[in-house]
Number of protein chains: 8
Amino acid sequence: MLKVAIVMGSESDMPVAEKAAETLKKFDVEYAVRIISAHRMPNKLRTFALTVSDEGFGVIIAIAGLAAHLPGVIAGMTLLPVIGVPAATGPLSGRDALLSIVQMPPGIPVACVGIGNAGNAALLAVQMLSLAEPALVEKMRAYRLKFGDDAA
Amino acid sequence: MLKVAIVMGSESDMPVAEKAAETLKKFDVEYAVRIISAHRMPNKLRTFALTVSDEGFGVIIAIAGLAAHLPGVIAGMTLLPVIGVPAATGPLSGRDALLSIVQMPPGIPVACVGIGNAGNAALLAVQMLSLAEPALVEKMRAYRLKFGDDAA
Amino acid sequence: MLKVAIVMGSESDMPVAEKAAETLKKFDVEYAVRIISAHRMPNKLRTFALTVSDEGFGVIIAIAGLAAHLPGVIAGMTLLPVIGVPAATGPLSGRDALLSIVQMPPGIPVACVGIGNAGNAALLAVQMLSLAEPALVEKMRAYRLKFGDDAA
Amino acid sequence: MLKVAIVMGSESDMPVAEKAAETLKKFDVEYAVRIISAHRMPNKLRTFALTVSDEGFGVIIAIAGLAAHLPGVIAGMTLLPVIGVPAATGPLSGRDALLSIVQMPPGIPVACVGIGNAGNAALLAVQMLSLAEPALVEKMRAYRLKFGDDAA
Amino acid sequence: MLKVAIVMGSESDMPVAEKAAETLKKFDVEYAVRIISAHRMPNKLRTFALTVSDEGFGVIIAIAGLAAHLPGVIAGMTLLPVIGVPAATGPLSGRDALLSIVQMPPGIPVACVGIGNAGNAALLAVQMLSLAEPALVEKMRAYRLKFGDDAA
Amino acid sequence: MLKVAIVMGSESDMPVAEKAAETLKKFDVEYAVRIISAHRMPNKLRTFALTVSDEGFGVIIAIAGLAAHLPGVIAGMTLLPVIGVPAATGPLSGRDALLSIVQMPPGIPVACVGIGNAGNAALLAVQMLSLAEPALVEKMRAYRLKFGDDAA
Amino acid sequence: MLKVAIVMGSESDMPVAEKAAETLKKFDVEYAVRIISAHRMPNKLRTFALTVSDEGFGVIIAIAGLAAHLPGVIAGMTLLPVIGVPAATGPLSGRDALLSIVQMPPGIPVACVGIGNAGNAALLAVQMLSLAEPALVEKMRAYRLKFGDDAA
Amino acid sequence: MLKVAIVMGSESDMPVAEKAAETLKKFDVEYAVRIISAHRMPNKLRTFALTVSDEGFGVIIAIAGLAAHLPGVIAGMTLLPVIGVPAATGPLSGRDALLSIVQMPPGIPVACVGIGNAGNAALLAVQMLSLAEPALVEKMRAYRLKFGDDAA
């Protein structure tokens, strides 16, 4: 099964990344965690983005705050779907990161989730992987059953 | 191959929906277009959301303006990934729709793209479907080659 | 006399809900408190919304944060008036919830009050019920007299 | 049956007010339209607010733009429920009016609807009046049936 | 010499009001402090506004948070200049109060100062009174000399 | 009687300035109009600010858009009260000018009015001058009578 | 003398770029204009950024709208100073581009100017180049003299 | 080598200024720190701005919060490049300062960096000085190598 890459721009985003990791574990989806700054490590990021598909990853979760370029820059260098998580860093509490991630120009999409909501990013990654892995659909169904809803 | 469902809350969102449709055509991805208001047609929407997976759809693109509940409401009733497109409707030019779509609570993700950017929603849908359809990866590679970039 | 239903999207909204409850008690208006997530419990919410009128409720107060769909989704499935209370949850302090609640599309209204202001939601519910219960008008008059204003 | 008062702060708000009026007509709810500026006509507004209940009105719809004080000022001088409609007037497109209307202090509620959405204000008024007029419930049910939804 | 009236909408605004009072003391300008809610005490406020000029006051400083109607409502009922101070109350940190105070409609001005900046409101009041009291001009000159600037 | 100086940062602000001028004419208050950019003409502005009081002016109305420094810079170089009018120039429609004018630091106040609302700036100037000119109070009373309010 | 590179993310930014070019011409500063999308042409952009210094350029002006990553991405791959110009593209009128450009993380600065203000970007570039070219200081002095200010 | 002047509007901005100072030390760039309020010390500021170039400074870093006029006012009185740092002071967390600094009018640029990001202001100053000091280019290269990126 394809793996999920969790990338963050700064070590301070680790608590956000862990929410994604914990959620992926519940679905037995393999993942790797990387800290790569879009601006301070452009070569490392490029190598990562150009090779991530060949290394067995199917979806990328990119977490970044402030002028959050990380998800968009990765998205421009890979064909894999990229999920962006705006981090609530700094005086604007993630408004800047939200706009920097979601307002991508035509041609290169990023799938943006809520500010700091890396758990949802992981669930979205599982839904994407489910398209090729029917077993994940059943796991997601079981996951949702625990929400305590009535039968449809 | 799985199809893409394009749903919009109001007929006035049709020009946005057409951008998604035109992009999907370039990838020979089948799609269907539906107009279902989350608030004025809750039963129709429920039927849609509960059956869309069984009808051969793999990804849903939901377009809505103002208090844009459509993507989130669908996401709560299907296991398929839902892509939300905020429409630039009304006096706030889509800021309201952006926040209504992207700030989903824990447990039910929506993949939000830029305001009015239904073309990117379609590209994201293709990337998701690509996880199960290697042929789409090649089509996406070809699509990007037309951007005129240098070789890596 | 008709009762007031207080619904919230998450247990973390309980302190807000209690402000509504305490205010309703001052007017001897009966109420019930329910926790139903619009996204994680769509069936439970649907059952609630479709039956709430028959169970003797006359007004619904719905409290939600982030992409606060709860009030609007209920409003689409009942003919009762729905009062929405944006909760100041998350990094945007309720701005997202405010817009998600107040910017409803044509056809299905929600009566929005201030961020976190569930006490006012309860007062508004009492005013609505007063239209059918003249005794409540007198109670509201007495309530306001305690504000210490001069005679008109 | 109780009537609905539609008040606006300036003659320029008349097109918004007409949306409320047209909607009320569909429900055969009587209404009166008044132009009273909260700031330029404080005495007229006071007389209006202090007598509106005795003149057979049950709900007030107040439309205002900019620093939209009209709904809140009326609400402080009557026990009737007041619905506020922010007008999209001026360079801020109604954001100022929205906050001036919705963020009322504890004790005096205003029921705010979306920017410019006077049609929804009228529907909300009908819902309020329905609590004392069962015939209006049936009219609202019929109104909604025209939305073309499936049966529940 | 004319006095300055400091009015606030809620006792919780007292720390802000004290900054105005302390500044006025430095200029030996007499002042009175009043707590009158625009919404909960409309009659008291009306009496205040209609009589304040006759009681020897020349300028009014009105402090309010949230949907801060206090300065504007007073301004509509007196010919004296009214200075509005937005209080940083509630989840929006005074943005709502700022817009509710500054965006007054044509015909009735309010002089708005910065959020929470009641000290500047007092200085502005002194400048206004200076137009009739040359002695205050000299006191203001002396006050500014303490800022430690170079000679012009 | 003291005169009013109307200063603007750019010739494009002239239509806004004219609204102030027209209003002042109604009160027979003398005024002068000047175009002085705070940034492009710092010496001219300094000379203006240091001499304006000696030339018989009592109040300054300063109009500026974008990073609207004009009112604040003048306020730091004169003891006269300065009224700032944010111009709705540029892509932010005056939000930038509003904050640049109203959020002055402690010690140097500016009296801010609504975006583009130079008419209110003129009325505020008249109110200020009224403190030393009782005849202006009567003119303001007459001006307001034309609003068509009832007697108090 | 070092040249200035003007880069934009999309051909639609050309009118903005021309304002920079026209201003540079007034100072006889050589420049080159390039259209390179940060996301659609990452390799072209990389080649550009890695070689621009060696090709005789001293300052880079990068213009971009929406999630405006162009200036920041270039800044991470060159040691030259990068000036970012947010373009007023799309429904948010450049607010998104402003935050995406100005809120750069620690370590990699971008010099941001006002939305759409490419003329100022050019002037800033000239000021930077002036540090090594005293002749440009004199040209800037002459340029400013034309503003019509008084002598200091 | 030219020095860098670090100016702040208030002593409370000192912690921000120190981040700039510490960064400049790493590059052995000389600097001086000054506290001069744009509004409370206009003469001191004028003297500073008119002489700073002659005293061997090549770049100015100006830090200010609220209606942050300091960078723009200096920029109008010197030909040196001015870098503005919005301080996250007050209830708006620096949004006001950001707009007051970045939205300068045509003719007088300010190079704005992120809110509170004085470290980046210092790096930008070093990049500017590098245009005349090749040794600084090498120091910047070494500084960036410590970010731990791969070779290009």
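Everything below is about the structure shown above.
Residues numbered from 1 in each chain as written. Chains lettered and ligands numbered in written order. Predicted model: local features only at pLDDT ≥ 70, side-chain atom pairs only at ≥ 80, totals over all residues. Heavy atoms only, no water.

1. A look at the relation of the copies chain A and chain B
Which entries qualify depends on this criterion: Alignment of the copies relies on least squares applied to C-alpha atoms, considering only residues that score at least 70 for pLDDT in both. The contact criterion used is simple: two residues touch if any of their non-hydrogen atoms lie within 4.5 Å.
The operation relating chain A to chain B is a screw motion whose rotation component is 180°, with 0.0 Å of axial translation and a residual RMSD of 0.0 Å. Look at the turn and shift together and you get a two-fold axis relating the two. A high fraction, 100%, of the interface residues of chain A reappear at the interface in chain B, so the copies pair face to face through one surface.

2. What about the arrangement of the chains?
Chain C shows no contact with chain F. Their nearest C-alpha atoms sit 13 Å apart. A minimum C-alpha distance of 13 Å separates chain C and chain H, which share no contact.

3. Digging into the relation of the copies chain C and chain D
Rotating chain C by 180° about the axis while translating it 0.0 Å along that axis superimposes it on chain D, leaving an RMSD of 0.0 Å. Both copies share a contact surface, since 100% of the interface residues of chain C are interface residues in chain D too.

4. Here we look at the environment of G:Leu50
The line we're drawing: Strands here are runs of E lasting at least two residues and helices are runs of H or I lasting at least four, both read from the DSSP assignment and numbered beginning at the N terminus.
Summarising the element assignment, G:Leu50 is placed in helix H2 (residues 42–51). Distance in space between the C-alpha atoms of G:Leu50 and G:Gly76 is 9.8 Å, their sequence separation being 26 residues. Residues contacting G:Leu50, with those up to four places away along its chain left out, are G:Met77 and H:Ala152.

5. Points about empty space enclosed by the protein
Just so we agree on the cut-off: The definitions used throughout rest on a 1 Å grid laid over the protein atoms alone, on which a cavity is an enclosed set of points accommodating a 1.4 Å probe that cannot get out and a pocket is an open set flanked by protein within 12 Å on both sides along at least five of seven lines; lining residues are those having an atom within 4 Å of a point. Grid points are joined across faces, edges and corners, and a volume is the space filled by probe spheres set on the points. Three classes are used: nonpolar for Ala, Val, Leu, Ile, Met, Phe, Trp, Tyr, Cys and Pro, charged for Asp, Glu, Lys and Arg, and polar for all others, with Gly counted as polar.
Evaluated as defined, the whole model comprises five cavities of 30 Å³ or more. In this structure, the largest cavity encloses a volume near 1,200 Å³. Considering the residues around the largest cavity, the lining is formed by 32 residues, among which B:Arg95, C:Arg95, D:Arg95, F:Arg95 and G:Arg95 are closest to the centre. Only helix H4 (95–102) of chain A, helix H4 (95–102) of chain B, helix H4 (95–102) of chain C, helix H4 (95–102) of chain D, helix H4 (95–102) of chain E, helix H4 (95–102) of chain F, helix H4 (95–102) of chain G together with helix H4 (95–102) of chain H provide two or more residues apiece to the lining of the largest cavity. Here the lining of the largest cavity is composed, by residue class, of 24 nonpolar, no polar and eight charged.

6. As for the nonpolar core
Our working definition: The definition of a nonpolar core used throughout is a set of buried Ala, Val, Leu, Ile, Met, Phe, Trp, Tyr and Cys residues joined through side-chain atoms within 4.5 Å. For each residue, the accessible area found with a 1.4 Å probe, counting protein chains only, is set against the maximum for its type, and the residue is called buried under 20%, exposed over 50%, and partly exposed in between.
Judged by nonpolar contacts, the single largest core of 526 residues is most densely connected at A:Ile61, D:Ile61, E:Ile61, F:Ile61 and H:Ile61. Ignoring sequence-local partners within four residues, the contact set of E:Ile61 consists of E:Val4, E:Ala5, E:Ile6, E:Val7, E:Ala20, E:Ile83, E:Val85, E:Ala121, E:Ala122 and E:Ala125.

7. Examining the interface of chain C and chain D
Convention followed: What gets called buried area is simply the loss in accessible area from a 1.4 Å probe that two parts show on being joined, summed for both. Salt bridge, as used here: a side-chain nitrogen of Lys or Arg that lies within 4 Å of a carboxyl oxygen of Asp or Glu. Whenever two N or O atoms come within 3.5 Å, that pair is a polar contact, provided that in protein one can donate a hydrogen and the other can accept it, and provided that, for residues adjacent in sequence, both atoms are side-chain atoms.
Taken together, the 44 residues of chain C in the interface contact 44 residues of chain D. Summing the contributions of chain C and of chain D, the shared interface buries around 3,300 Å²; its carbon and sulfur component is 65%. Where chain C meets chain D, there are zero salt bridges. For the pair chain C and chain D, the interface holds 21 residue pairs in polar contact (both at pLDDT 80 or more). Sorting the residues of the side of chain C that touches chain D by element identifies helix H2 (42–51), strand E3 (57–64), H4, strand E5 (111–112), helix H5 (118–130) and helix H6 (134–145) of chain C as the ones contributing at least two each. At six residues, H5(C) tops the list of elements feeding residues into the side of chain C that touches chain D. The residue makeup of the side of chain C that touches chain D, split by class, is 32 nonpolar, nine polar and three charged.

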